[in-house]
Protein chains: 2
Amino acid sequence: MSKEFDPPYLRATFSLFLAQSHVMHVQGLSCFACGKRYAFGTLLNLCECGKPLRVDIDLASIAIRPSDLKGRRKDLWRYREVLPLPANHEPMSLGEGGTPLLETNRLAASLGLTNGSLFVKDEAVNPTGSFKARGMAMAVPMAKLFGATKLAVPSAGNAGGAMAAYAARYGLEAHVFMPKDVPAANRLECEMAGAHITLVDGLINDCAKIIADRKDAEGWFELSTLKEPYRIEGKKTMGYEIAEQFDWNLPDVILYPTGGGTGLIGMWKAFDEMEQVGWIGSKRPRMVSVQAEGCNLIPKAIQAGKRDAGMVENASTVASGLRVPKAIGDFIMFDLIQLSHGTALAISDKELMQGAYELSELTGISAAPEGGACLAALKELQRDRWIQATDKIVIFNTGTGLKYAEAFKSYPRN
Amino acid sequence: MSKEFDPPYLRATFSLFLAQSHVMHVQGLSCFACGKRYAFGTLLNLCECGKPLRVDIDLASIAIRPSDLKGRRKDLWRYREVLPLPANHEPMSLGEGGTPLLETNRLAASLGLTNGSLFVKDEAVNPTGSFKARGMAMAVPMAKLFGATKLAVPSAGNAGGAMAAYAARYGLEAHVFMPKDVPAANRLECEMAGAHITLVDGLINDCAKIIADRKDAEGWFELSTLKEPYRIEGKKTMGYEIAEQFDWNLPDVILYPTGGGTGLIGMWKAFDEMEQVGWIGSKRPRMVSVQAEGCNLIPKAIQAGKRDAGMVENASTVASGLRVPKAIGDFIMFDLIQLSHGTALAISDKELMQGAYELSELTGISAAPEGGACLAALKELQRDRWIQATDKIVIFNTGTGLKYAEAFKSYPRN
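Residues numbered from 1 in each chain as written. Chains lettered and ligands numbered in written order. Predicted model: local features only at pLDDT ≥ 70, side-chain atom pairs only at ≥ 80, totals over all residues. Heavy atoms only, no water.

S.K.: Quick one: what's the story with the sheet that holds strand β2 (residues 37-38) of chain A, residue by residue and with numbers?
M.R.: Residue and element names in this part refer to chain A. Read from one edge to the other, the open sheet built from three strands follows the order β2-β1-β3, with strand pairing classed as antiparallel. In the strand order of this sheet, the two ends are held by β2 and β3 (53-57), each with one partner. With two bridges joining them, strand β1 (residues 26-31) and β2 adopt antiparallel strand pairing. When the sheet's bridge partners are listed, Ser30 is paired in β2 with Arg37. (Pairing = 2+ DSSP bridges. Helix = DSSP H or I, 4+ residues; strand = E, 2+ residues; numbered from the N terminus.)

In structure tokens, the structure reads:
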């Protein structure tokens, strides 16, 4: 344990948690940007430098092997040793994670790909119908453990519903701030779970500003994307699952619809962790960030070679989960995409909606517009010969299409 | 094998399937009412007598024990030996089944129940967001195996979307007939999957009549509830899962929202099968059929002591899945409710919708109105002291509340 990790003023709190927990695999936290270290055991948002914090798992202490996972619970808590919730705190799971990696015989054939080369990771079958359940299933109990009683989150759509559900499950107060034109289904799920909802005349970053201004006075703990460290820990389980589902051989390409980027960053972290504990080798998939033309933050940054992606003015797309005009983790995404020899591309609303219809019709899944964007991106990368017929490919369907009634109404099938 | 089971005119077909399959655990089919037997190997709807057919599993040939299930796939195909799809036919799963049995600490406390006494079987996290995926995941490949290319189904809501999804997955043509005031989400999921949709000025039984009239001319195979034998086989996996999730000790009470009743009948069949193979004992849960006041078919029949429940005129309820005015399996439900020392009760729309809000707010699940009906029924049975504090209770949430935007709009939270 390094010195920086153990500042005297935090030692008492941390020791308390060490004593409480049967097994403690969290070494501490460190800043993704400046590396400054923080002790585990208190509510934390960003680093003093304003950048996101990473949870550092004590991988040397992880004694389990892949074969030990056999027969474990099927939700994301099967990877318990690498998750930050102390072992003596029982998660109140809603069944998050453990989503299927689906074969796509008909779709693969329509794209000229062979059977067994194209898979959909279907996150629609999570609680609250989206991948956001993973992050909130981790961040909410961690916040509760460290003393939070009121949670606040800005949301482009699905994160709000997920936060509301886990807040309800753990008995915490939930405050959700969403753009006023968010899909009705996202409002409904927050209402059902008893959250306090504020509709904002603006985008997710405007929602975040309101929370930042009010949180101290209101006593809210903020769960914004990458502004607290544990949503990444929930999302990283997508990486563990893909590795396990492919028998610990990662695929060649992952296409991922990117809003704030927690999933991309989380999966990349998972790959590193798994390599360090010897579960996988050094091979990495080429990571493809898929965004919408009206909010093309990461593709523009990759093209310009800039780690600071800035902000998209007047961001607009029917794929509400992609309507994230500024990403505090832009530099992390930039780095991992480069390291992986990946790329980023932007899809028009028309193409991504047709992609969603096609994905549903040829696989039977309920495709979100964001999933449709990945299919459209795959086609473009095939045309450019960036993806080859020999590649093993995963596209993410991040949520159920049922939440996007307005989008499907605006864009009927061609 | 009885003589009736092996009529010469079907022998060739059946032998073909015996030859194709590595393991064949289906003995044949028999009528739930008259007992007449049918060979396995062709498309079948009802018995000649007009009643539903049951799939008879050759339980004596099942050599696996519960411990053999450890480490198997998590979807409903983990019970492969007791399912009718021949072993050499790989199912094209969407991840159906394997749903969580959720603890309900906050809800249990609010009802004066102890921790660990009340569970929700949350079917919302199935593909297409409802328990209907289980039945269609079985019936569609069975229909395809036996030669069907065009499928038709009448649906009060969720069954249509599930059928459309699995038809898309297996590459079959889907025709869905729904009441014109079916929830918009149910229409949307059929559209996304590329199904042919007909909206009918009437209820599910009127939809069924249209299919009956047209199916021969159109070449449709009909997948109506209990009018083909394999949806029960998919639904029975709910019974297997509950047994396994409770470590092979069934709970004391199961509250189940009942439309056509495939789930009740399927679970009861599963209990019998499991007892015969020695996985569970003779104890059965008291089975409670929960319906809506505006469509109280089964409660009325139980009260009157009549196996023939007849039909509800002008059936009406906001819980669209319960709007089933006539049930061809009424006598089977009557018998199993009596055998189990169960009961049936009808809940008002207002109460069931408040139940859905309460279920969501106190557990974090996305409750359908039908799930809310079960919570309201539980409260009523507690008041009547029919349910005791010592009982272990399961209530079913059969689908995601997100599909019921209209219902929640009509009934705001109290």
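S.K.: Provide a residue-level description of the pattern of salt bridges, including the pertinent values.
M.R.: All names here are of chain A. With the rule as written, the count across this model stands at 52 salt bridges over all chains. Between Glu361 and Arg413 there is a salt bridge, with the nearest N and O atoms lying 2.3 Å from each other. Linking Glu361 in helix α12 (residues 349-363) with Arg413 in the segment after α14 (405-410), this pair joins segments that are 52 residues apart in sequence. By relative accessible area, Glu361 is classed as partly exposed at 31%. (Salt bridge = Lys/Arg side-chain N within 4 Å of Asp/Glu carboxyl O. Buried < 20%, exposed > 50% of the residue type's maximum accessible area, 1.4 Å probe, protein only.)

S.K.: Account for the packing of helix α10 (residues 297-304) of chain A against helix α11 (residues 330-339) of chain A, naming residues and giving values.
M.R.: Packed helix pairs are specified by the crossing angle of their axes together with the interaxial distance, meaning the distance between the axes. Residues and elements named next belong to chain A. Viewed as axis vectors pointing N to C, α10 and α11 meet at an angle of 60°, and their least axial separation amounts to 10 Å. The pairing of α10 with α11 is recorded here as oblique in orientation. Helix-helix and strand crossings are classified by hand; for α10 and α11 the assignment is right-handed. Together, Ile298, Ala301 and Ile302 of α10 and Asp330, Met333, Phe334, Ile337 and Gln338 of α11 make up the contact between the two elements. A per-class count over the contact of α10 with α11 returns six nonpolar, one polar and one charged. (Axes fitted to C-alpha atoms, helices over the stretch in contact; angles between N-to-C directions. Parallel < 35°, antiparallel > 145°, perpendicular 65-115°, else oblique. Left-handed = near helix turned anticlockwise from the far one by under 90°. Contact = heavy atoms within 4.5 Å. Nonpolar A, V, L, I, M, F, W, Y, C, P; charged D, E, K, R; others polar.)

S.K.: Now, about the relation of the copies chain B and chain A: what can you tell me, with residues and values included?
M.R.: Mapping chain B onto chain A leaves a residual RMSD of 0.0 Å; the transformation is a rotation of 180° accompanied by 0.0 Å of translation along its axis. Such a turn and shift between the copies fits a two-fold axis. Judged by C-alpha distance, Gly71(B) is the residue of chain B that lies nearest the rotation axis, at 1.9 Å. Both copies contact each other with a shared surface, as 100% of the interface residues of chain B are interface residues in chain A too. (Least-squares fit on C-alpha atoms with pLDDT ≥ 70 in both.)

S.K.: How would you explain the side chain of Ser30(B) if you had to name every residue and give the values?
M.R.: Residues and elements named next belong to chain B. In this structure, Ser30 sits in strand β1 (residues 26-31). At 2.7 Å, the side chain of Ser30 and the side chain of Asp56 are in polar contact. Contact partners of Ser30, with chain neighbours within four places excluded, come to Gly35, Lys36, Arg37, Pro52, Leu53, Arg54 and Asp56. (Polar contact = N/O pair within 3.5 Å; in protein donor to acceptor, adjacent residues only side chain to side chain.)

S.K.: Now, about the nonpolar core: what can you tell me, with residues and values included?
M.R.: If you look at the biggest cluster of nonpolar residues, it comprises 141 residues, and the most contacted ones within it are Leu255(A), Ile395(A), Leu151(B) and Met163(B). Excluding residues within four positions of it along the chain, Leu151(B) makes contact with Val140(B), Ala143(B), Met163(B), Ala167(B), Leu172(B), Glu173(B), Ala174(B), His175(B), Phe221(B) and Leu223(B). Core analysis: the second largest hydrophobic core is formed by 140 residues, Leu94(A), Ala174(A), Met192(A) and Met238(A) among them. (Core = buried A, V, L, I, M, F, W, Y, C linked by side-chain atoms within 4.5 Å.)

S.K.: Which residues make up the confidence of the model for chain A, and what values go with them?
M.R.: Summing up the model confidence of chain A, the mean pLDDT is 94 and the portion of residues at 70 or higher is 94%. Reported confidences for the modelled complex are a pTM of 0.94 and an ipTM of 0.93. (pLDDT = per-residue confidence, 0-100.)

S.K.: Explain the interface of chain B and chain A residue by residue, including any values.
M.R.: In this assembly, 42 residues from chain B lie in contact with 42 residues from chain A. In total, chain B and chain A occlude about 3,300 Å² of area from one another, counting both sides; carbon and sulfur atoms represent 65% of this. Ranking the residues of chain B by area buried against chain A places Arg169(B), Met192(B) and Leu402(B) at the top, with a combined share of 22%. Run the count over chain B and chain A and you get zero salt bridges. Taken together, chain B and chain A are joined by 12 residue pairs in polar contact (both at pLDDT 80 or more). Mapped onto the side of chain B that touches chain A, the elements with two or more residues apiece are β4 (101-103), α2 (105-110), α4 (158-170), α5 (184-192), α12 (349-363) and α14 (405-410) of chain B. Broken down by element, the side of chain B that touches chain A gets its largest block of residues, five residues, from α5(B). Broken down by class, the residue content of the side of chain B that touches chain A amounts to 19 nonpolar, 13 polar and 10 charged. (Buried area = accessible area lost by both parts, 1.4 Å probe.)

S.K.: So what about the sheet that holds strand β13 (residues 393-397) of chain A? Which residues, and what values?
M.R.: Strand-to-strand pairing in sheets goes through backbone hydrogen bonds, with the strands running parallel or antiparallel. All names here are of chain A. A sheet is described by the order of its strands in space; here six strands give the open sequence β4-β5-β13-β10-β11-β12, paired in mixed fashion. Here the strands that pair on one side only, and so sit at the sheet edges, are β4 (101-103) and β12 (343-347). The mean angle between the axes of side-by-side strands here comes to 25°, regardless of whether they run parallel or antiparallel. Across three bridges, β4 lies against strand β5 (residues 118-122) in antiparallel orientation.

S.K.: Pulling in residues and values, what's your account of unusual backbone geometry?
M.R.: The residue Trp248(A) is not glycine, and still its phi comes out positive at about 70°. Relative to the helices and strands, Trp248(A) resides in the loop between α8 (237-245) and β10 (253-257). Positive phi, close to 60°, is recorded for Thr128(B), a residue that is not glycine.

S.K.: Requested: an account of the environment of Gln291(A), with residues and values cited.
M.R.: All names here are of chain A. You can see Gln291 is positioned in strand β11 (residues 286-292). Accessibility expressed as a relative area gives 0% for Gln291, which makes it buried. In this structure, the C-alpha to C-alpha distance between Gln291 and Leu345, residues 54 residues apart in sequence, is 6.2 Å. Among the polar contacts listed, one links the side chain of Gln291 to the backbone nitrogen of Leu297, at a separation of 3.0 Å.

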